[in-house]
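# Coordinate analysis (summary)
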Amino acid sequence: KLIFNEGYKPGGEVAGQTSTPKFTASFDTSKERARTVSDPQNEVAVTFKPKYKTLDAQKYMNKVVYPVVGKDAKVVYTLNGSSVKEDIVLNRFQGDTMDFSYDLSLNDGLEARLEKNGSIGVYGVQSALLGNVATGNDKDADILKKARKNGKKDKLIFQIPAPFIYEGKTKQTTAKAWYSLDGSK
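Residues numbered from 1 in each chain as written. Predicted model: local features only at pLDDT ≥ 70, side-chain atom pairs only at ≥ 80, totals over all residues. Heavy atoms only, no water.

### A few points about the overall build of the protein
The criterion, for reference: Only DSSP runs of H or I with at least four residues qualify as helices, and only runs of E with at least two residues qualify as strands; both kinds are numbered from the N terminus onward. When accessible area is computed with a 1.4 Å probe and restricted to protein chains, residues below 20% of their type maximum are described as buried, those above 50% as exposed, and intermediate ones as partly exposed. In what follows, residue pairs with any heavy atoms lying within 4.5 Å of each other are defined as contacts. Under the convention used here, a 1.4 Å probe and the Shrake-Rupley method define accessible areas, while residue burial counts only the protein chains that appear.
The secondary structure content of the protein amounts to 1 helix and 14 strands. The proportion of buried residues among the 185 residues of the protein is 32%. When contacts within the protein are restricted to residue pairs at least 6 apart in sequence, long-range pairs at least 24 apart make up 45% of them. For the protein, the accessible area works out to roughly 12,200 Å², and carbon and sulfur atoms hold 49% of it.

Structure representation (structure tokens):
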């Protein structure tokens, strides 16, 4: 497993412009090749398991690269202090359509929504209900579970920007890219 910002715990203020990371990211090197981004402030995570096959990840400085099996392509993750960026690089034209699907796993108390601008927002219940909340007994644990399931999920925890396509190094194309959500896919 490749891990970035391992052991990071926020200290004090985590909002605004700082040079400290606001997340941890791990890239599974097992057969599943899951990619997980965690928010240590709220103690929650979002995990993406690709439904396409890749070879072993390779790490280059702040990038993780997965060559895609059966396509002349690679998936590149670039890690910055406050974000993880995914680029799918096609080395040549490979047809009019391509599909890169993932199974999405979220902690209890979170839900993913497709936004009007084409991005995906992951929203959560109030922070006090997220993460490792101690309960005194089974009844309290059941109440917490119900509050996470039924609570209003109005706090933006993660945002996945709308996808776009570039041809060459800088020319944006008229080709279309989009997300769709179907349950946890």
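Having seen the structure, we can now continue with the description.
### Regarding a nonpolar patch on the surface
Using the following cut-off: Each patch is built from residues that are more than 30% exposed by relative accessible area and take part in no salt bridge. Like charges join if they lie within 9 Å; nonpolar side chains (Val, Leu, Ile, Met, Phe, Trp, Tyr) join within 5 Å. By convention in these notes, a salt bridge is any Lys or Arg side-chain nitrogen within 4 Å of a carboxyl oxygen on Asp or Glu.
A cluster of nonpolar residues, Ile88, Leu90 and Met98, forms a patch on the protein surface that exposes about 210 Å² of accessible area. Here Leu90 shows up in strand β8 (residues 84-90). With relative accessibility at 40%, the residue Leu90 sits in the partly exposed group.

### Considerations on the nonpolar core
What counts, and what does not: Buried Ala, Val, Leu, Ile, Met, Phe, Trp, Tyr and Cys residues that are joined via side-chain atoms within 4.5 Å together make up what is termed a nonpolar core.
Ranked by size, the top nonpolar core spans 26 residues in total, and within it Phe27, Val64, Tyr66, Val75, Tyr77 and Phe158 carry the most contacts. Every element with two or more residues in this core is listed here: β2 (24-27), β4 (44-50), β6 (63-67), β7 (73-79), β9 (102-106) and β12 (155-160). Broken down by element, this core gets its largest block of residues, 4 residues, from β7. With residues up to four places along the chain from it excluded, the contact list for Tyr66 reads Phe27, Asp28, Arg33, Ala34, Arg35, Thr54, Leu55, Ala57, Lys74, Val75 and Tyr77.

### What to know about the pattern of salt bridges
Enumeration according to the criterion identifies 6 salt bridges in this entry. One salt bridge connects Arg92 with Asp72, and the closest N-O pair in it is separated by 3.5 Å. Taken together, the positions of Arg92 in the loop between β8 and β9 and Asp72 in the loop between β6 and β7 put the pair 20 residues apart, joining distant regions of the chain.

### Considering the side chain of Thr47
Selection rule: In protein, a polar contact means a hydrogen-donor-capable atom and an acceptor-capable atom, both N or O and within 3.5 Å, with residues adjacent in sequence counting only if both atoms are side-chain atoms; elsewhere, any N or O pair within 3.5 Å suffices.
Mapped onto the secondary structure, Thr47 falls in strand β4. Taking the relative accessible area as the measure of exposure, Thr47 reaches 14% and is therefore buried. A polar contact of 2.9 Å, which involves the side chain of Thr47, links it to the side chain of Thr36. Excluding its chain neighbours within four sequence positions, the residues that come into contact with Thr47 are Ala34, Arg35, Thr36, Asp103, Leu104 and Ser105.

### Topic: the pairing of strand β10 (residues 110-114)
The condition is simple: Strands qualify as paired when DSSP identifies two bridges or more between them.
Across 5 bridges, β10 lies against strand β11 (residues 120-124) in antiparallel orientation. Its bridge partner lying in β11, Leu110 is registered against Gly124. Counting the residues in the hairpin turn of β10 and β11 gives 5 residues, including Gly118, whose phi is positive at 95 degrees.

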